[in-house]
Structure formats: C-alpha cells, structure tokens
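Commentary on secondary and tertiary structure
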Amino acid sequence: MRNNKVACIIPAAGWGSVCPVRSEPKVLADLGGEIMLSRIIRTVHQANFADSVIVVTGNGGYGEQVRAVLHQENYPRLTIVTQPERRGAADAVARALPHLNGESHVMVTFGDMPLWRAATMQRLVEAHLKSRCVAISMLTIKLLPGHRTERYGRIVRDEEGR
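Presented here is an overview of the structure given in this document. Quick caveat: nothing in here was measured; it's all calculated off a predicted structure. (Residues numbered from 1 in each chain as written. Predicted model: local features only at pLDDT ≥ 70, side-chain atom pairs only at ≥ 80, totals over all residues. Heavy atoms only, no water.)

**Section: the pairing of strand β1 (residues 6–12)**
Of all 7 residues that make up β1, 7 are buried, and the element is covered over most of its length. Residue alternation in β1 divides its side chains into two sets, Val6, Cys8, Ile10 and Ala12 and Ala7, Ile9 and Pro11, and both sets are buried. (Buried < 20%, exposed > 50% of the residue type's maximum accessible area, 1.4 Å probe, protein only. Helix = DSSP H or I, 4+ residues; strand = E, 2+ residues; numbered from the N terminus.)

In structure tokens, the structure reads:
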C-alpha cells in the first residue's frame, strides 16, 4: 500500500574525483565552518519532509571518516549504510532501499550538493506527491554550452526539453 511517507537517501561514498586530491572525503570539506554533508543533512531536516534519512558511505578509510563524523553529530532519524564496493550512485541507492521504514517515496540528493535550500526540497517533494507519480520526479539543470558533463549523470532531452 502506497503512502505519503518520504525517505531521503544521500549517497556519500564517492572519492570526489572531480576535486583535487585530498586527505579527507569531499563530503567532509569545510564550507564556511560547516561540513558539506552536515549542511545537506541539516537542510533535509529543515525542509521537514523526510520520515527518515539514509546516508550511504563507502567502506575503508574515507567511509570510516564519514561514519565517524555522522556518529558525532547524532542526527535524528538517520541511518548509515555502507556500500562495500564503489559501484556508482544507483548501487548506493539500492543498498539503502532495504533500510526504508515503510516510506513509499524517496528523494535522492548527493553528499556533495550543499547548495540546496530547504524550500526547494519542500517544493520538489510536494510537487512529486501532488502529481501522484508512481515512478520518478526529477529536478535537473540545463548547463551552459561548453560545460563538460562526462563525470556527471546526464538527462538527455529532445529539442522541446522533454
């Protein structure tokens, strides 16, 4: 039975290969005195749509660092899941699905996307629930010509933007 419960899954297992070589995971980078991943989790909580939040970390050194920070922060309704092998964002989401607590809807945002506003998250989730979609609602951006996209997931659209 479908319900309006929503979970937020945050893949945070990547190596941050787009960033320069670092001694800590990209998701633990400091952004004006706040850790990037902490900012995302805080924003999800401020948006007040998620019945649960699941962060997927890698295994090994970077994953251990991320898990240590998350345990220190003591966030409510937070589950930490380990992705044993780096097999991409879809695999990270698949690892999180067994940890849902009865939610019928899932919002996925990434551990390296700290510029979300709570109001934007709320509007996206509200639009999804209102549409009665049983599949996918997606927020995308249109990049300016010349931006390289090969390191990112892409949505290919036709001339009419569909």
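More follows now that the structure is in view.
**Comments concerning helix α4 (residues 118–131)**
Given a rise of 1.5 Å per residue, 14 residues ought to cover 20 Å, and the 20 Å separating the end C-alpha atoms of α4 matches this to within 8%. Within the span of α4, buried status applies to Ala118, Met121, Val125 and His128. Angularly, the buried residues of α4 cover 100 degrees about the axis, an arc narrow enough to put them on a single face. In this structure, α4 carries Arg123, Glu126 and Lys130 as exposed residues pointing more than 90 degrees from its buried face. Here the buried face of α4 lies against β1, α1 (36–47) and β6 (105–108). (Expected span 1.5 Å × (residues − 1). Arc of directions from axis to C-beta. Contact = heavy atoms within 4.5 Å.)

**Description of the sheet that holds β1**
The strand order β5-β4-β1-β6 describes an open sheet built from 4 strands, whose pairing is parallel. With one partner strand each, in any of the chains shown, β5 (78–83) and β6 form the two edges of the open sheet. Neighbour-to-neighbour, the strand axes of this sheet turn through a mean angle of 25 degrees, independent of strand direction. As defined by bridge partners, β1 adjoins β6 across 4 bridges and the pair is classed as parallel. Its bridge partner being in β6, Val6 is matched across the sheet by His105. α1 contacts β1, β4 (52–58) and β5 of the sheet and is inclined by roughly 175 degrees relative to β1. Of the strands in this sheet, β1 and β6 are in contact with α4, which crosses β6 at around 145 degrees. (Pairing = 2+ DSSP bridges. Axes fitted to C-alpha atoms, helices over the stretch in contact; angles between N-to-C directions.)

**Regarding the pattern of salt bridges**
Under the counting rule described, the total for this entry stands at 3 salt bridges. Close ionic contact of Lys26 with Asp112 constitutes a salt bridge, the shortest N to O distance being 2.7 Å. Of the two residues, Lys26 is situated in the loop between β1 and β2 (30–31) and Asp112 in the loop between β6 and α4; the sequence distance between them amounts to 86 residues. Here Lys26 falls in the buried class, since its relative accessible area comes to 14%. Overall, the relative accessible area of 33% leaves Asp112 in the partly exposed class. (Salt bridge = Lys/Arg side-chain N within 4 Å of Asp/Glu carboxyl O.)

**Re unusual backbone geometry**
The backbone of Asn48 shows a phi angle near 60 degrees, a positive value even though the residue is not glycine. Positive phi, close to 55 degrees, is recorded for Asn74, a residue that is not glycine. Relative to the elements of secondary structure, Asn74 occurs in the loop between α2 (60–73) and β5. With relative accessibility at 64%, the residue Asn74 sits in the exposed group.

Function-wise, these values are silent; they only describe arrangement.
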